[in-house]
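Spelled out from the first residue to the last, the chains are:
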Amino acid sequence: MANYWAIAIGINQYQLFQPLSCAKADAEALEDFLVTEAAFIPKHCLVMTDTSPPIGDRSTYPTKENILLLLEDLAATSWQPEDYLWLFFSGYGVNYKGKDYLMPAEGNPELVQETGIELRSLMQSLQLANLNVLLLLDINRAFGTQADAPVGEETIELAQELQLATILSCQPEQFSHESSELGHGFFTAALLEALRSGNGSNLADLENYLSLIVPKLCHHHWRPIQNPATIIPSRQQVILPKLAMESDFQPEPMIYPEESFAVALAAPPLDDSSKTSADRGRRGEVSVNSSQQVKGQKVQESGGSLVSQPMAETSLGVNTRGRFIPNSSKGYVSRLPANQPSIPFWKQFILWGGGSLLVAGLIAVVFLRNQETFRIKQISSTSPNATVSDRQVVENLPSDRTPPVKLNNQSSAQIASSSQSKKRNQAVLDLAKMSLRQTQASDLSMAIATARKIQPGEPLYEQAQENIKIWSQMILDLAEGRAKQRQYASAIAAARLITKDETPYAKAQAAINLWRLEGKQYVSNKTLLDAANALIKSEQASTYNRAIEVAKKVPADQPGFDTAQKSINKWSEKILDLAKRRAAEGERNAAIATAALVPEETGAYEDAQDAIQKWQKK
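For clarity, every value in this text was computed on a predicted model and none was experimentally measured.

The rules we used
- Residues numbered from 1 in each chain as written.
- Predicted model: local features only at pLDDT ≥ 70, side-chain atom pairs only at ≥ 80, totals over all residues.
- Heavy atoms only, no water.
- Salt bridge = Lys/Arg side-chain N within 4 Å of Asp/Glu carboxyl O.
- Helix = DSSP H or I, 4+ residues; strand = E, 2+ residues; numbered from the N terminus.
- Buried < 20%, exposed > 50% of the residue type's maximum accessible area, 1.4 Å probe, protein only.
- Phe/Tyr/Trp six-rings, centres within 6.5 Å; stacked < 30°, edge-to-face > 60°.
- Disulfide = S-S within 2.5 Å.
- Pairing = 2+ DSSP bridges.
- Axes fitted to C-alpha atoms, helices over the stretch in contact; angles between N-to-C directions.
- Contact = heavy atoms within 4.5 Å.
- Patch = residues over 30% accessible without salt bridge, like charges linked within 9 Å, V, L, I, M, F, W, Y side chains within 5 Å.
- Areas by Shrake-Rupley, 256 points an atom, 1.4 Å probe, with all protein chains shown as cover.
- Lys, Arg positive; Asp, Glu negative; His and termini not counted.
- Charge placed at Lys NZ, Arg CZ, Asp CG, Glu CD.
- pLDDT = per-residue confidence, 0-100.
- Right-handed = clockwise from strand over helix to strand, strands pointing away.
- Expected span 1.5 Å × (residues − 1).
- Polar contact = N/O pair within 3.5 Å; in protein donor to acceptor, adjacent residues only side chain to side chain.
- Parallel < 35°, antiparallel > 145°, perpendicular 65-115°, else oblique.
- Left-handed = near helix turned anticlockwise from the far one by under 90°.
- Nonpolar A, V, L, I, M, F, W, Y, C, P; charged D, E, K, R; others polar.
- Core = buried A, V, L, I, M, F, W, Y, C linked by side-chain atoms within 4.5 Å.

Moving on, we get to the pattern of salt bridges. For the structure on display, the rule yields eleven salt bridges. Note that arginine 196 is salt-bridged to glutamate 37, the shortest N-O span being 3.6 Å. Here arginine 196, found in helix H6 (residues 186–197), pairs with glutamate 37, found in the loop between helix H1 (23–36) and strand S2 (45–49); they are 159 residues apart in sequence, far enough to count as distant. With relative accessibility at 44%, the residue arginine 196 sits in the partly exposed group.

Following this line, the structure appears as structure tokens:
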């Protein structure tokens, strides 16, 4: 049975940032709700704030080291595959050189890379642990920091790529707000109200509620607008323990490209205050639950405790993420008014007459463009005096229906390869018709889901089944390509899109297990190399020597070994360069001592020994 875990981090008192007022209260309130009302096991809910007590002999003060050590220990000793994890962070976030970072208590805006927690590495580690993760990030608060880009952009892209459920407190170009009147940030206040009122039974409902209430709070408290950004993975998941046994509902069919035109026409406009990440094109693949259509009234009622003024009325037939999803079991109902006046007869005559002329014109165009073909067929079939030569001329004319000719020098393998290539090209063409990309595993998965709607006996069934085989193999090919580039988390996310009904499923599962192992090894070895790099201080040869000793711990048969060897050789050459520089300055003894730090089995070792002998003879 899967376990539910929660880690709530809230930092008020930063060493080098402006203090926050409600981050600590946000983390504590969420932990209290999960334990007292959502049936989380108390020892599975961990809080890290400025004043949180230690867990045994482990400090819970939210430094970078304490946060990462806690995550590593839980991954190694406690978490099991398919467990559920809520990871909540309320504090500062910074974007540095295009990468998003969470800033711990000692975070330094001038040393973001060294003191911040890189979100890419964190999210990949969670994905490799094979957990059902819900990331709740309230990080858009660094008003006074110099950022290369708005924080949150990379996080949204990563969440879509890795298929991790993620909710950011606002869009990347916006800022989060907190209120002493509420005692919480607007985002957390709305989140807690959603969970307590039953509007957070699944991610889609939770998103709908947050996207409606958070902007209302901004208006009510006279703050700039704040719209949460939500990424919902394509795989359905529950988020609270008590719903795990009750959640036997099925998601409604997705809106695929071939249906989008009709949906767009049916979609009523929403006001600016309720636009969500879907309006901004930041969403992953979303499965929508049918219960959304009856949530409007409940949202209105439960939101009253947060915003004293009445809320705008919401239509029950509108998905607040910006599109209307019709019930597929009902026929289309015209939206024209019942009292619409009838069209005069003369207008009907013009319309019908014009339509008839248009149809006749199209038929004429088709006939004229194909009259040569018609004439040839007529001659070949009706002329009794046609000669053999005439018939040969007719037969040799180019035709789209000419059967393939097997060349004498063409092997059966070549013919099979050519046939397979044609099938693949057809599958790629069918993707393009649906405006889907062959380089995106999620698009291929959407295409497969669409093809499965074609039932046996229908005209395109055989072609659909052939396409499914090709598309599922293309997903596996994409995953294998990512794994070769050490993008293990992305590779696993792609391979998991292959279902049990598809041919490459067994191979994909074996690859996932291998990549999960290699991914953990890669992350572990990358951590070693990062630690080695952190030891180095410019112009100090001994620090390069210590870094080399750390990098040597990367095993030869694991991912990251080649990188470690390159670093070791580079650092040994750096030591030798420092030794030569000191020798040139007349410090022979210092040069000899420096060159002696070059370890054996490195590229610079022999040169270092030759230099030592040379300097000793002088």
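So that's the structure; there's more coming.
Below, the discussion takes up unusual backbone geometry. Unlike most non-glycine residues, alanine 39 shows phi in positive territory, near 70°. One non-glycine residue, tryptophan 222, lies in positive phi territory at about 55°. Positionally, tryptophan 222 belongs in the loop between helix H7 (203–220) and strand S11 (229–231).

Bringing the packing of aromatic side chains into the picture now. For the structure on display, the rule yields seven aromatic pairs. Judged by centre distance (5.0 Å) and plane angle (70°), the ring pair of tyrosine 14 and tyrosine 92 falls under edge-to-face. Residue tyrosine 14 is located in the loop between strand S1 (4–10) and H1, and its partner tyrosine 92 is located in strand S4 (residues 92–96); the two are separated by 78 residues in the primary sequence. The exposure class of tyrosine 14 is buried, given its relative accessible area of 8%. Aromatic rings pair up to connect Tyr4, Phe40, Tyr84 and Trp86 into one cluster.

A few words on the state of the cysteines. Taken as a whole and judged by the stated rule, the model has zero disulfides. You can see cysteine 170 has no disulfide; the closest cysteine sulfur is in cysteine 218, sitting 8.9 Å from it. Here cysteine 170 falls in the buried class, since its relative accessible area comes to 0%.

As summarised here, the arrangement of the six strands in space is S2-S1-S3-S7-S8-S11, forming an open sheet in which the pairing is mixed. With partners counted over all chains shown, the strands left at the sheet margins are S2 and S11, one partner each. Between one strand and the next, the sheet's axes are offset by a mean angle of 5°, whatever the strand orientation. Bridge count for S1 against S2 is five bridges, and the pairing is parallel. Residue pairing in the sheet places glycine 10 in a bridge with threonine 49 of S2. Each of strand S3 (84–90), strand S7 (132–138) and strand S8 (165–168) is contacted by H6, which is oriented at about 140° to S7, the strand it contacts most.

What follows deals with a negative patch on the surface. Taken together, the side chains of Glu573, Asp577, Glu606, Asp607 and Asp610 make up a negatively charged region of the molecular surface. Sorting the residues of the negative patch by element identifies helix H20 (561–584) and helix H22 (605–617) as the ones contributing at least two each. In terms of residue count, H22 provides more of the negative patch than any other element does, three residues in total. Within the secondary structure, aspartate 577 sits in helix H20.

This brings us to the confidence of the model for the protein chain. Mean pLDDT over the protein chain stands at 75; residues scoring 70 or higher make up 70%. Low pLDDT, under 50, characterises residues 308–342; the predicted model gives this stretch 60 contacts beyond four residues in sequence or across chains. Confidence drops under pLDDT 50 across residues 376–407; counting only partners more than four residues distant or on other chains, this segment forms eight contacts.

Most of S2 is tucked away, with five of its five residues classed as buried. Side chains Cys45, Val47 and Thr49 of S2 all project onto a buried face; the interleaved residues Leu46 and Met48 project onto the opposite face, where all are buried too. Of the crossover connections in this fold, the one passing from S1 over H1 to the parallel S2 is right-handed.

Next up on the list: the environment of alanine 229. Mapping alanine 229 onto the fold places it in strand S11. Taking relative accessible area as the criterion, alanine 229 reaches 0% and is therefore assigned buried.

Here we take up the sheet that holds strand S5 (residues 99–103). An order of S4-S5-S6 is seen for the three strands of this open sheet, with the pairing classed as antiparallel. Each edge of the open sheet carries a strand with a single partner, namely S4 and strand S6 (117–118). Pairing of S4 with S5, which is carried by five bridges, proceeds in the antiparallel orientation. Its bridge partner lying in S5, tyrosine 92 is registered against methionine 103.

Time to look at H20. The end-to-end C-alpha separation of H20 is 35 Å, in line with the 34 Å expected for 24 residues at 1.5 Å each. Buried residues belonging to H20 abut helix H18 (505–535), helix H19 (541–551), helix H21 (588–595) and H22. Directly beyond the C-terminal end of H20, a positive phi value near 90° is found at glycine 586.

Assignment of secondary structure puts aspartate 138 in strand S7. At a separation of 2.9 Å, a polar atom in the side chain of aspartate 138 contacts the side chain of serine 169.

With their axes 9 Å apart at the nearest point, helix H17 (residues 488–495) and H18 run at an angle of 160° to one another. Relative to H18, the element H17 is oriented roughly antiparallel. As for the relative orientation of H17 and H18, their crossing is left-handed in sense. In contact with Tyr488, Ala491, Ile492 and Ala495 of H17, H18 contributes Ala508, Ile512, Trp515, Arg516, Glu518, Gly519 and Tyr522. Within the contact of H17 with H18, the residues separate by chemical class into eight nonpolar, one polar and two charged.

Grouped together as the largest cluster of nonpolar side chains are 46 residues, with contacts concentrated most on Ile7 and Trp79. Not counting residues within four places of it along the chain, the set of residues in contact with isoleucine 7 comprises Leu46, Leu70, Leu71, Leu74, Trp79, Leu85, Trp86, Leu87 and Phe88. Counting 37 residues, the second-largest nonpolar core is a separate cluster that includes Ala8, Phe88, Leu203 and Ala204.

Right, let's get into a positive patch on the surface. Side chains of Lys580, Arg588, Lys614 and Lys618 sit close together on the surface and give a patch of like positive charge. Following the sequence through the fold, arginine 588 ends up in helix H21.

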